[in-house]
Amino acid sequence: MVSYEGLLVRLREKGITKTDLTKELGISSRTIAKIAKGEKIGAVTLRKMAEYLGCDPSLLCREIAANAVLQILRDEKSAKISGGLYHELQVRMTYNSNHMEGSRLTEAETRLIFETNTVDVGDGIPVDDILETVHHFRAIDYVIDMAETELTGEFIKHLHYILEHDTADSRLPWFAVGEYKKRANMIGGRETVRPKDVPGKMQELLDAYNAKTNVTVNDVIAFHADFESIHPFQDGNGRVGRLVALKECLRHGIIPFIIEDSKKLFYYRGLSEWGREKGWLTDTCLDGQDTFIRLLDTLEIPHS
Ligand SMILES: Nc1ncnc2c1ncn2[C@@H]1O[C@H](COP(=O)(O)OP(=O)(O)OP(=O)(O)O)[C@@H](O)[C@H]1O
């Protein structure tokens, strides 16, 4: 959706009516109707109006997300607002997701890196923990920017690239950064999909998921479980999978879930039992959704 608040404010300030616009600039009534409905209008028309009003076209309109939570994240991200939803999502999701996978950084240390771009090296923190924390901040930014696009293998691989580039693992000749795995791996003592079968299995999963018309939180959870059981990357599957779940929740107007490190045993059990019993993982993710709802409530952000 597009907001024309900037255009309307300028018209009001200059005492120009929409009828004046149509007469003076030859703008069609169809375009005026599009503006009223918040639909996109042509770039040439927008430039014409900007010239007439003596301002930059970017000041006349801006895209707004249908999902209010996504729009708040975008506004706070671009305005670099501190202490809001964007700030807390970055710190809490990055801390929990990375700590679950072995990072030694505490939540306070993660917060310090986000807020000041500095580290307190007193405890001898591994460089990779710091790199992966900063990479995770950038990966959340990428998810926020791309939230409304269709979920593709290329998007998922790019998330992996953002997280893993320049790490110690990335220097191993067989470790594919931003690409599916080259060596077979296991998770929770179980076989995962073999490297040669990963592209096909991922495409099948994506095709089935993208064919759904009304995606619910249960579909996002099921995608997450199937993704983790394929385990398409050499490493980083947990973090990439949770970022994909964040994107899909933002895309479909679903309250996202943050799996807290303290709940990781329920989460792992949920993934492990998924084939037999879906309740474990579902309850853990819904609990993660409650964590996010508490954050929205604290920040007095309305949600349904
Ligand atoms: N039994 C299981 N079945 C399926 N998936 C599982 C199971 N147990 C754990 N997982 C998933 O696998 C992830 C761990 O995989 P992987 O090590 O590739 O990713 P990563 O952990 O993000 O990061 P790191 O590279 O820092 O270890 C867990 O976070 C979880 O999502």
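What counts, and at which threshold
Residues numbered from 1 in each chain as written. Predicted model: local features only at pLDDT ≥ 70, side-chain atom pairs only at ≥ 80, totals over all residues. Heavy atoms only, no water. UniProt positions renumbered as here; feature names shortened; annotations may be inferred. Contact = heavy atoms within 4.5 Å. Helix = DSSP H or I, 4+ residues; strand = E, 2+ residues; numbered from the N terminus. Polar contact = N/O pair within 3.5 Å; in protein donor to acceptor, adjacent residues only side chain to side chain. Salt bridge = Lys/Arg side-chain N within 4 Å of Asp/Glu carboxyl O. Buried < 20%, exposed > 50% of the residue type's maximum accessible area, 1.4 Å probe, protein only. Expected span 1.5 Å × (residues − 1). Phe/Tyr/Trp six-rings, centres within 6.5 Å; stacked < 30°, edge-to-face > 60°. Lys NZ or Arg CZ within 6 Å of the ring centre and 35° of its normal.

1. Digging into the UniProt feature "binding site: ATP" (unreviewed entry) in the protein chain
Then, in step 1: In this numbering, the UniProt entry assigns the feature "binding site: ATP" (unreviewed entry) to Asp235, Gly236, Asn237, Gly238, Arg239, Val240, Gly241, Arg242, Tyr267 and Tyr268.
Then, in step 2: Here Gly241 is in contact with His224, Phe227 and Glu228, once residues within four sequence places are set aside.
Then, in step 3: Structurally, Arg242 is set in helix α12 (residues 237-251).
Then, in step 4: Aside from chain neighbours lying at most four places away, what touches Arg242 is Met93, Ser97, Met100, Glu101, His224, Ile259 and Tyr267.
Then, in step 5: Of the polar contacts made by the side chain of Arg242, one reaches the side chain of Ser97; its length is 2.8 Å.

2. Concerning the pattern of salt bridges
Then, in step 1: Scanning the entire structure with this criterion turns up 25 salt bridges.
Then, in step 2: Notably, a salt bridge pairs Lys77 with Asp145, separated by 2.9 Å at the nearest N-O pair. In this pair, Lys77 is assigned in helix α5 (residues 68-79) and Asp145 in helix α8 (residues 127-146), connecting sequence segments 68 residues apart.
Then, in step 3: The exposure class of Asp145 is partly exposed, given its relative accessible area of 42%.
Then, in step 4: A salt bridge links Glu107 to Arg111; the nearest nitrogen and oxygen atoms lie 3.5 Å apart. With Glu107 and Arg111 both in helix α7 (residues 107-116), this residue pair falls four residues apart, about one helical turn.
Then, in step 5: Linked by salt bridges that have partners in common, Glu88, Arg92, Glu107, Arg111 and Glu115 make up one network.

3. A closer look at helix α14 (residues 279-298)
Then, in step 1: The first and last C-alpha atoms of α14 sit 28 Å apart over 20 residues, in line with the 28 Å expected at 1.5 Å per residue.
Then, in step 2: Taken together, the buried positions of α14 are occupied by Leu281, Thr282, Thr284, Cys285, Gly288, Gln289, Thr291, Phe292, Leu295 and Leu296.
Then, in step 3: Backbone geometry just after α14 places Glu300 at a positive phi near 55°.

4. Let's talk about the packing of aromatic side chains
Then, in step 1: Taken as a whole, this structure holds eight aromatic pairs when the rule is applied.
Then, in step 2: A ring pair is formed by Tyr86 and Phe114, whose centres lie 6.1 Å apart and whose planes are at 65°; its orientation type is edge-to-face. In this pair, Tyr86 sits in helix α6 (residues 85-100) while Phe114 sits in helix α7, placing the two residues 28 residues apart along the sequence.
Then, in step 3: Judged by relative accessible area, which is 7%, Tyr86 ranks as buried.
Then, in step 4: Ring pairing ties together the aromatic residues Tyr180, Tyr209, Phe223, Phe227 and Phe233, which thus form one cluster.
Then, in step 5: Here the guanidinium or amino end of Lys157 rests over the ring plane of Tyr180, the centre of that ring lying 4.6 Å away.

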